[in-house]
Amino acid sequence: MSLLLAFVLLAEPAVAAPAPSPVERCGYRIVQSYPHDSASFTQGLFWDGGHLYESTGQYGHSRIARLDLETGKALAETKLPDDQFGEGITRWGHQIIGVTWQNGVGHRWSIKDLKPIGDFAYDGEGWGVTMVGDRLVLSDGSSDLRFLDPATMKEQGRVTVRFGGRPLRMINELETIDGQIWANIWMTDLIVRIDPASGDVVSLVDLSGLKADAGAHGSDSVLNGIAWDAKKKRLFVTGKYWPKLYEIALAECA
């Protein structure tokens, strides 16, 4: 785990920062596994109304889709333009809001039928998105999370994510669970749980071994995708090009 943390932590420690609070560290156990389309370059994932919603990347292959959990099959889908690289998605009211990687273009779709209902522009890259209260949170691969008004997409503030007092980069796909932001750290087996008010990482979840269990191969086939079924308290995770999606539970937290 320390080698993975060294990869994502910035070299310079925070200046004049208070002593960091202890960070809870957790493992996991597999509750159940489900089929997942191994052609899906998973970028965003959330649960709503009995289904998973997934966004995928890669030029010419980006889409959003409503998935059947038991089969992994798409029940409905909408493709992005071939020149756009899809990234994270989240629900806001009757809409799905999604961003693209380097295009500076975001999209809105009706959650009812996944039909486009509008576009918007934003500065910088788009990686992951989630809703915290009435604000949309955007990650861009840096250590900063931006808070936006989902109606206008105007920035309302930002926070720096820190682990042990040091900025943590490569914040990727996002999910909000019980008021905390859960985030994949790109190219690692780690999920961090972030206090959205301070940016402090309060918990670290090590999912080492899950990629191997899924039978995924290749450097691009990294852990990515977190979804929370609030009604049944189920936590789902998957990865890019993984043939499996997992329901997991945290274990051995200390």
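Counting restarts for each chain, with residues numbered from 1 along the sequence as it is written. At least 70 in pLDDT is required for a residue's local features to be given in this predicted model, at least 80 for side-chain atom pairs to be given and counted, and no such filter applies to totals for whole chains, interfaces and linings, which use all residues. With hydrogens and water stripped out, all remaining heavy atoms of the structure feed into the side-chain values.

**What about the overall build of the protein chain?**
A tally of helices and strands in the protein chain yields two helices and 22 strands. For 254 residues, the compact-globule formula gives about 18 Å, and the C-alpha radius of gyration of the protein chain, at 17 Å, lands near that figure. With the principal axes as the frame, the protein chain shows a C-alpha extent of 50 × 40 × 35 Å. Out of the 254 residues belonging to the protein chain, those deemed buried represent 53%. In this text, helices come from DSSP runs of H or I with a minimum length of four residues, and strands from runs of E with a minimum of two, each type numbered from the N-terminal end. Taken over C-alpha atoms, the radius of gyration is set against a globule rule of 2.2 Å times the number of residues to the power 0.38. Exposure categories follow from relative accessible area, calculated using a 1.4 Å probe and restricted to protein chains: below 20% of the type maximum is buried, above 50% is exposed, and the middle band is partly exposed.

**Focus: the pattern of salt bridges**
Every case where a carboxyl oxygen of Asp or Glu lies within 4 Å of a side-chain nitrogen of Lys or Arg is listed as a salt bridge. Tallied over the entire structure, the rule returns eight salt bridges. The residue D229 makes a salt bridge to R234 at a minimum N-O spacing of 3.0 Å. When its relative accessible area of 4% is taken as the criterion, D229 is described as buried. The network of salt bridges with shared partners includes D144, E155 and R158.

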